[in-house]
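Secondary and tertiary structure notes
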Amino acid sequence: MNKEQLMRWLSGIRLLHRQTNGRLLVDGEGLTTDRDFFVATENFYDAHPEIVDVIIEEIDASSKWANSNHDELVEKLAPLLGIDEDSIRMSVERRTYGVEAISEEIIKEQQEIADIFYDLDIIPKELEIKEVIID
């Protein structure tokens, strides 16, 4: 499942929930965080640190805008994603956009997830999350 498919899947769940008056029985609240990560190769990061800084600054600025401009964000996303505004609004209003540095708490949380995925044979080898984080 790629990012576009996942976005459509999540928005589809919200659309189905809204259009059928269905009830959400369980969500991930309290079970997991809803984090997104920006990934770069170490070679790219080392060769272009100024580009990485600009990307992070722009994501931070657009996140602040998104948090303060829900109506405009919904108007922009609905046609782009091909999903009605009410479903997009439900998604936008449940989320806080932002950028934060990877903390020890986040590393611990991701390590727990990696360990579970390994135990369930979802990933083939154990991962040490601290080893794949670029400082």
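So, here's what we can say about the structure. (Residues numbered from 1 in each chain as written. Predicted model: local features only at pLDDT ≥ 70, side-chain atom pairs only at ≥ 80, totals over all residues. Heavy atoms only, no water.)

1. A closer look at a nonpolar patch on the surface
- A surface patch of nonpolar side chains, about 410 Å² in accessible area, is lined by Phe38, Phe44, Ile51, Ile55 and Ile56.
- Looking at which element gives the most residues to the nonpolar patch, the answer is helix α3 (residues 49–68), with three residues.
- Inspection of the secondary structure assignment puts Phe38 in the loop between α1 (3–20) and α2 (42–47).
- In this structure Phe38 comes out as exposed when scored by relative accessible area, which is 53%. (Patch = residues over 30% accessible without salt bridge, like charges linked within 9 Å, V, L, I, M, F, W, Y side chains within 5 Å. Areas by Shrake-Rupley, 256 points an atom, 1.4 Å probe, with all protein chains shown as cover. Salt bridge = Lys/Arg side-chain N within 4 Å of Asp/Glu carboxyl O. Helix = DSSP H or I, 4+ residues; strand = E, 2+ residues; numbered from the N terminus. Buried < 20%, exposed > 50% of the residue type's maximum accessible area, 1.4 Å probe, protein only.)

2. Focus on a negative patch on the surface
- On the surface, a cluster of negative charge is contributed by Asp115, Asp119, Asp121, Glu126, Glu128 and Glu131.
- Note that Glu126 resides in the segment after α6 (104–119).
- On the accessibility criterion, Glu126 (57% relative accessible area) is exposed. (Lys, Arg positive; Asp, Glu negative; His and termini not counted. Charge placed at Lys NZ, Arg CZ, Asp CG, Glu CD.)

3. Here we look at helix α4 (residues 70–81)
- Here α4 spans 16 Å end to end across twelve residues, near enough to the 16 Å set by a 1.5 Å rise per residue.
- Residues of α4 that are buried include every one of Leu73, Val74, Leu77, Ala78 and Leu81, and no others. Here the buried residues of α4 occupy an arc of 125° about the axis, which is enough to place them on one side. Residues of α4 that are exposed and angled more than 90 degrees away from the buried face: Lys76, Pro79 and Leu80.
- Remark: Gly82 follows α4 within two positions and exhibits a positive phi of approximately 70°. (Expected span 1.5 Å × (residues − 1). Arc of directions from axis to C-beta.)

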